[in-house]
Amino acid sequence: MKKPFTNLNFNAFNSLKVRLMLSGLLLILVLLPLIGAAVNNAFKHQITQSINNQLRAYVYSVLAVAEVKDDSVVMPNYILENQFNIVGSGLYALITTENKLVWSSESFLGLSFPTLPEPTMGEGVLSLTNFDDAADNKQNEHVVFSFSVSFETDSTPLPITVHIIKDDADFQRQISEFSATLWTWLVVLMLVLALIQAIWLLWTLRPLNRFTQELSLVEQGQQTHIEQNYPIELNAVAKQLNVLLKTEQQQRQRYKNALSDLAHSLKTPLAVLQSQRDLSDDSKEQAANINSIISYQLNKAKVSGNKAWHLGIEVDDVASKLVRTLSKIYQDQKLDIDYQAQPNILFKGEEADLSEMLGNLLDNACKAAKSQVCLSVEQTDNRLHFIIEDDGKGLTVEQQQSIFERGMRADTYQQGHGIGLAIVRDIVESYQGELAVEQSSTFGGAKFTITFKD
């Protein structure tokens, strides 16, 4: 029985491309708005300065025609700036002394006197005020420039303040139009920069994509080394990786040759020993066992070492075959051998090693089980897990600590879990994996777990 697992563990932030894209977008989304805010504030400041200069000029034009007679201010009926002469024009001139209105332009006719500042003598102050507009009878915001001066008279100086009031709508319209135009173009610029950044990143990371593709081809066995030329930063990595691949292949070939030579060197003396007539039955049996071991190692030397670690093999092919075979072998015991695995899992190693590991553990589990054995294959967090469980009587704490030692008798734990586990341990350690045994919480028997890092 085969039951698939699902693995939804995915972290996009582990991608260099995603990180570069996000950092670039963050820079665009932060930097351009800051620039826009700075430019907008600079424009507002410029508008304010322009208003200040414009209203100050109006103050000087009003003071130029003002006269003092009998300790009072005298103004002409008409002022040169025509907007002061048109009722409700939006430009008003007022003269106050001690916060009392002493004169106002024709344009201010019908409007209520607002509260206005009284700056220090000889200074001008720009401020905002709200008062009812006669045209629409609602509160409108106006900008006010107030300037205080003192006229010399025959008796005592006459301090006055000239106030120039202008409707703020025109200035706000300019600011709004500028802001709308500025932010529209900034948004367009952000989109263009994001597109340019995406194209630039794709071009910049193109060697990495090719490098990844070549690694995949090497992993699949279609290439034995990295072939293409890369930028300086990647080229050094490619050269070191090629050296590593070549060294690994040579080491496996030396291992294969050494194993084959050792088996051949022992086979001839063993054949001579077996030909002796005076050997006891026990000696002949042991010699036959040694001969079987040598034959097995010779066969292993032939099939191993031909594939590098990076090729990998389909776990399902080996595991399914073992489960079917053991089900036939132990069919008299009516065992339910359950097999659960995620799809398309690869074991980065030799098929013979995987078959020997799983075969030993599954065979021991079948011998120890009452009715159930379970093989689970999982891949989580870049780790490959093989879990073999049974519903037998399990192992004591002492047995769990000593079960992997060489020399343990095959009958230490019922009919299995003996010396073959030492071989399993050696294979697991050769792949820098981990082998652990504990009590199964699901089935009650022994639970063996093999873990490999991807």
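Definitions and cut-offs
- Every chain is numbered on its own, with residues counted from 1 as its sequence reads.
- Where totals are concerned, whole chains, interfaces and linings use all residues; where local detail is concerned, this predicted model gives features only for residues with pLDDT of at least 70, and gives and counts side-chain atom pairs only at 80 or more.
- Excluded from the side-chain calculations are hydrogens and water; all other atoms, namely the structure's heavy atoms, are used.
- The numbering of helices and of strands both runs from the N terminus, where a helix is a DSSP run of H or I of at least 4 residues and a strand a run of E of at least 2.
- In this scheme, a residue with accessible area under 20% of its type's maximum is buried, one over 50% is exposed, and one in between is partly exposed, where area comes from a 1.4 Å probe on protein chains only.
- Whether two residues are in contact is decided by their heavy atoms, any of which lying within 4.5 Å being enough.
- When a carboxyl oxygen of Asp or Glu is within 4 Å of a side-chain nitrogen of Lys or Arg, the pair counts as a salt bridge.
- The patches reported here contain residues having more than 30% relative accessible area and no salt bridge. Joining distances are 9 Å for like charges and 5 Å for nonpolar side chains (Val, Leu, Ile, Met, Phe, Trp, Tyr).
- For every accessible area listed, the method is Shrake-Rupley and the probe measures 1.4 Å; residues are considered covered only by the protein chains on display.
- Ring pairs are drawn from Phe, Tyr and Trp, using the six-membered ring of Trp, whenever the two centres fall within 6.5 Å, and their geometry is named by plane angle: stacked under 30 degrees, edge-to-face over 60, tilted for the rest.
- Expected helix span is given by 1.5 Å per residue-to-residue step, counting one fewer step than there are residues.
- At least two bridges found by DSSP between two strands are what make those strands a pair.
- Note on geometry: axes are lines fitted to C-alpha atoms, helical ones only across the stretch in contact, with angles between N-to-C directions running from 0 to 180 degrees.
- Comment on the angle field: the value is read as roughly parallel under 35 degrees, roughly antiparallel over 145, roughly perpendicular from 65 to 115, and oblique elsewhere.
- It is the rotation of the near helix from the far one that decides the hand of a crossing: anticlockwise by less than a right angle makes it left-handed, clockwise makes it right-handed.

## A closer look at the overall build of the protein chain
Each helix and strand in the protein chain was counted, giving nine helices and 15 strands. Counting every position in the protein chain, which comprises 454 residues, the buried fraction comes to 38%. Partitioning the intrachain contacts of the protein chain with sequence separation of at least 6 by distance along the chain shows that 62% fall at a separation of at least 24.

## Section: the environment of Ile329
On the secondary structure map, Ile329 appears in helix α6 (residues 315–329). Among the residues examined, Ile329 registers a relative accessible area of 52% and is labelled exposed.

## What about the pattern of salt bridges?
Summed over the entire model, instances satisfying the criterion amount to five salt bridges. With its nearest N and O atoms 2.5 Å apart, the salt bridge here joins Arg173 to Asp170. With a gap of three residues between them, Arg173 and Asp170 both fall in helix α2 (residues 169–204), about one helical turn apart. Here Arg173 falls in the partly exposed class, since its relative accessible area comes to 41%. Given a relative accessible area of 31%, Asp170 falls into the partly exposed group. Among the ionic pairs, Arg173 bridges to Glu177, the shortest N-O distance being 3.3 Å. Here the residue Arg173 and the residue Glu177 both occupy positions in helix α2, the gap between them amounting to four residues, near one helical turn. For Glu177, a relative accessible area of 45% translates into the label partly exposed.

## Looking at the side chain of Thr97
Relative to the assigned elements, Thr97 resides in strand β4 (residues 91–97). Other than its neighbours up to four places away in sequence, Thr97 contacts Val102, Pro159 and Ile160.

## Quick notes on the environment of Met121
Checked against the element boundaries, Met121 lands in the loop between β5 (100–104) and β6 (124–132). Sequence separation between Met121 and Ser148 is 27 residues, and the spatial gap between their C-alpha atoms is 4.9 Å. Leaving out residues up to four positions away in the same chain, Met121 has contacts with Ser148, Val149, Ser150 and Pro159.

## Focus: a nonpolar patch on the surface
Together, Leu22, Leu25, Leu26, Leu29, Val30 and Leu34 give the surface a local cluster of nonpolar side chains, amounting to about 530 Å² of exposed area. Note on placement: Leu34 falls in helix α1 (residues 16–65).

## Some thoughts on the packing of aromatic side chains
Scanning the model with the defined rule gives 10 aromatic pairs in all. Between Phe386 and Phe452 the ring centres are 6.2 Å apart and the planes differ by 75°, which places this aromatic pair in the edge-to-face class. With Phe386 in strand β13 (residues 383–390) and Phe452 in strand β15 (residues 446–453), this residue pair connects regions lying 66 residues apart in the sequence. Across the pair, Phe452 and Phe386 agree in class, each one buried.

## Re helix α4 (residues 232–274)
Compared with the 63 Å implied by 1.5 Å per residue over 43 residues, the 63 Å span of α4 between its first and last C-alpha is a close match. Looking only at α4, the buried set comprises Leu234, Ala238, Leu241, Asn242, Leu245, Glu248, Lys256, Leu259, Ala263 and Leu270.

## Focus on the pairing of strand β14 (residues 434–439)
Relative to β15, β14 runs antiparallel, the two being bridged by six bridges. Across the sheet, the residue bridging to Val437 is Phe448, located in β15. Here β14 folds back onto β15, and the loop between the two strands holds six residues, one of which, Gly444, carries a positive phi near 95°.

## Some points on the packing of α1 against α2
If you want to describe how two helices pack, look at the angle between their axes and the distance between the axes. Contact geometry for α1 and α2: axes closest at 10 Å, N-to-C directions at 160°. Classified by the interaxial angle, the pair formed by α1 and α2 is roughly antiparallel. Crossing geometry of α1 relative to α2 is assigned as right-handed.

## Some points on unusual backbone geometry
With phi around 65°, Asn99 is a residue other than glycine that occupies positive phi space. Mapped onto the secondary structure, Asn99 falls in the loop between β4 and β5. Here Asn344, not a glycine, exhibits a phi torsion of approximately 60°, which is positive. Within the secondary structure, Asn344 sits in the loop between β10 (336–341) and β11 (346–347).

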